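Chain and residue survey
Listed here are the chains, written in short residue letters.
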Amino acid sequence: MDHPSAGLAELIAAHGVSRRAFLQFSAAMAGALALPASFAPRIAAALETAPRVPVIWLEGQDCAGNTEGLLRASHPTVAELILGILSLDYHETIMAPSGKAAEQSRADTMDRFPDGYICVVEGGIPIAENGIYCTIGGRTFKDIARATIDGALATIAVGSCAFDGGLPAAKGGPTGAIGVKDLVPSATLINLPGCPMNVQNLTATIVHFLTFGEWPATDPSGRPLFAYGQLIHDQCERRAHFEQGEYVTAWGDYGSLNGWCLYKMGCKGPDTFANCPTARFNEGTSWPVKSGHGCVGCTMPAFWDQMTPFYRRLPTPPPFATDVTADQIGLVLVGGVAALSVAHGVGSYARQRRAASAEAAAGGVATMEAPPAVEAPATAPPPAAAPPGPETPTADDKGTDR
Ligand code: SF4
């Protein structure tokens with residue numbers, strides 16, 4: 001693999017990033033990957049000698065929300081990300097060339113680095129009417145995407161539309177939108193669904209590859225376990241209010257003003273796997289539930305159809321025994337929702353009972369070429385937090401305005 005240059009440390013120094021900031025970034029990545037802090041020096045050492053990896057970033061049926069997330073990345077900043085870890089050779093929204101020159105940039109990268117570049121796909125891929133609903137430079141997006149993915153070292157699907165078609169694939173959509181996994185089933189694929197994805201998860205995924213020489217362990221939907229291995233409900237700062245039957249029942253009510261649980265306002269946290277409560281957005285400032293809005297389940301399959309209406313609460317859970325786990329609650333709550341969700345919930349439940357090494361194996365790690373390869377840890381997600389005390393028998397009408 002002939003990469004454009006080597007030595008991330010040299011690049012970082014050249015761009016005025018301090019050693020202290022670099023080590024802080026390495027520590028933050030260890031945390032993001034659910035690794036002990038002791039892995040931070042190993043990550044730093046690996047990144048210092050890591051080559052820049054060419055990236056082709058494709059956009060199909062998208063709103064550019066994931067690109068917005070990239071541009072607002074704080075760990076690292078976009079400059080560090082582009083100039084340091086990645087060589088973003090093609091990105092329609094932010095690249096300087098346009099028209100034929102832009103398309104030539106993509107072709108040049110594919111020619112120079114066969115099987116050596118990462119393809120990032122943002123947006124759905126329309127296949128109805130032979131793909132005419134999205135064309136670029138006279139070619140259908142599905143043909144461009146297939147060719148680029150076929151020649152890539154690996155593909156990362158960012159956002160829910162690249163995951164499974166997202167909004168364009170919702171009921172009534174005429175374009176026949178699909179995600180990367182359905183366009184190129186044989187692709188080495190990491191899925192980072194979300195609307196948008198959290199750029200910290202993209203960065204951590206690439207750092208894992210550069211550090212350990214393999215992609216992080218994933219669930220059956222191709223989502224990294226470090227980011228999608230736990231229910232939002234299990235990590236939520238409002239969980240204690242759920243347990244106490246303290247719910248927001250109207251926007252602006254007492255519970256709303258005091259951070260009570262948003263279950264009755266339609267929060268899908270009990271059925272959604274993601275690390276939003278811990279990774280958060282905007283430099284770790286907040287996430288939807290913290291800001292007062294329920295989770296809409298945007299990291300889950302077909303969420304536009306399966307998780308709507310967004311403000312209708314999940315089915316009332318039946319009484320639980322005191323030793324029932326949170327994951328089991330999640331399964332019961334969503335009984336009729338997406339089958340994939342249930343499969344994931346079962347996997348998560350089982351993971352609590354398996355050793356970390358078995359978890360990594362079950363997650364389907366994609367092993368690939370990457371320097372420098374060092375021993376990979378068992379990148380299983382941290383064990384799910386034990387429910388804080390006895391489960392509340394029901395989330396029905398205990399909570400009222402007070
Ligand atoms: S229902 Fe939503 S707001 Fe309530 S604890 Fe669960 S994730 Fe948090």
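It should be noted that the structure appears before, not after, this text.
Residues numbered from 1 in each chain as written. Predicted model: local features only at pLDDT ≥ 70, side-chain atom pairs only at ≥ 80, totals over all residues. Heavy atoms only, no water.

**Overview of the site of the ligand**
What surrounds the ligand is a group of 13 residues, the closest being H233, C236, C261, L262 and C267. Of the pockets mapped on this structure, the ligand occupies the largest cavity. Where the shell around the ligand is concerned, the elements lending two or more residues are α12 (232–235) and α13 (239–243). Partitioned by chemical class, the residues of the shell around the ligand number nine nonpolar, two polar and two charged. (Near = heavy atom within 4 Å. 1 Å grid on protein atoms, 1.4 Å probe; cavity = no way out; pocket = protein on both sides within 12 Å on 5 of 7 lines; lining within 4 Å. Sits in = over half its atoms within 2 Å of the grid points. Helix = DSSP H or I, 4+ residues; strand = E, 2+ residues; numbered from the N terminus. Nonpolar A, V, L, I, M, F, W, Y, C, P; charged D, E, K, R; others polar.)

**Overview of the packing of helix α6 (residues 99–112) against helix α7 (residues 141–150)**
Contact geometry for α6 and α7: axes closest at 10 Å, N-to-C directions at 25°. Here α6 is positioned roughly parallel relative to α7, judged by the angle of their axes. Where α6 crosses over α7, the handedness of that crossing is left-handed. Facing E103, R106 and M110 of α6, the residues of α7 in contact are I144, A147 and T148. (Axes fitted to C-alpha atoms, helices over the stretch in contact; angles between N-to-C directions. Parallel < 35°, antiparallel > 145°, perpendicular 65-115°, else oblique. Left-handed = near helix turned anticlockwise from the far one by under 90°. Contact = heavy atoms within 4.5 Å.)

**Remarks on the pattern of salt bridges**
Under the counting rule described, the total for this entry stands at eight salt bridges. One salt bridge in this structure joins R146 and D143, with 3.7 Å as the shortest N-O distance. Here R146 pairs with D143, and both are found in helix α7, just three residues apart, close to one helical turn. Residue classification places R146 among the partly exposed residues on the basis of a relative accessible area of 32%. Where salt bridges share partners, they join K142, D143 and R146 into one cluster. (Salt bridge = Lys/Arg side-chain N within 4 Å of Asp/Glu carboxyl O. Buried < 20%, exposed > 50% of the residue type's maximum accessible area, 1.4 Å probe, protein only.)

**Let's talk about the nonpolar core**
By size, the foremost hydrophobic cluster in this structure holds 54 residues, and its most contacted members are W57, I156, V158, L192, L202 and L210. Here this core takes eight residues from helix α10 (residues 199–212), the largest share from any one element. Other than its neighbours up to four places away in sequence, W57 contacts N66, T67, L70, L88, Y90, H91, E92, V120, E122, V158, M197 and L202. (Core = buried A, V, L, I, M, F, W, Y, C linked by side-chain atoms within 4.5 Å.)

**Thoughts on empty space enclosed by the protein**
Following the criterion strictly, the structure yields three cavities of 30 Å³ or more and no others. In this model, the largest cavity occupies a volume close to 100 Å³. Of all the secondary structure elements, the ones that give two or more residues to the lining of the largest cavity are α12 and α13. Broken down by class, the residue content of the lining of the largest cavity amounts to nine nonpolar, two polar and two charged. (Points joined across faces, edges and corners; volume = space filled by probe spheres on them.)

**Structural notes on the packing of aromatic side chains**
The full count for this structure, using the stated rule, is ten aromatic pairs. Judged by centre distance (5.5 Å) and plane angle (75°), the rings of Y254 and W260 are edge-to-face. By relative accessible area, which is 6% here, W260 ends up buried. Here a set of aromatic residues connected by ring pairs shows up, and it is made of F242, Y247 and Y263. One residue, R106, lies across the ring of Y90, its end atom 5.7 Å from the ring centre. The aromatic ring of F163 is capped on one face by K181, whose charged end is 4.6 Å from the ring centroid. (Phe/Tyr/Trp six-rings, centres within 6.5 Å; stacked < 30°, edge-to-face > 60°. Lys NZ or Arg CZ within 6 Å of the ring centre and 35° of its normal.)

**Describing the sheet that holds strand β2 (residues 86–91)**
The parallel open sheet is built from five strands, whose spatial order is β2-β1-β3-β7-β9. Two strands close off the open sheet at either side, each with one partner strand: β2 and β9 (189–192). Between one strand and the next, the sheet's axes are offset by a mean angle of 20°, whatever the strand orientation. Note: strand β1 (residues 53–59) against β2, five bridges, orientation parallel. (Pairing = 2+ DSSP bridges.)

**Remarks on the side chain of T175**
If you trace the backbone, T175 turns up in the loop between α8 (160–164) and β8 (177–178). Residue contacts for T175: discarding those within four places in its chain leaves Q61, P126, I127, A128, Y133 and P168.

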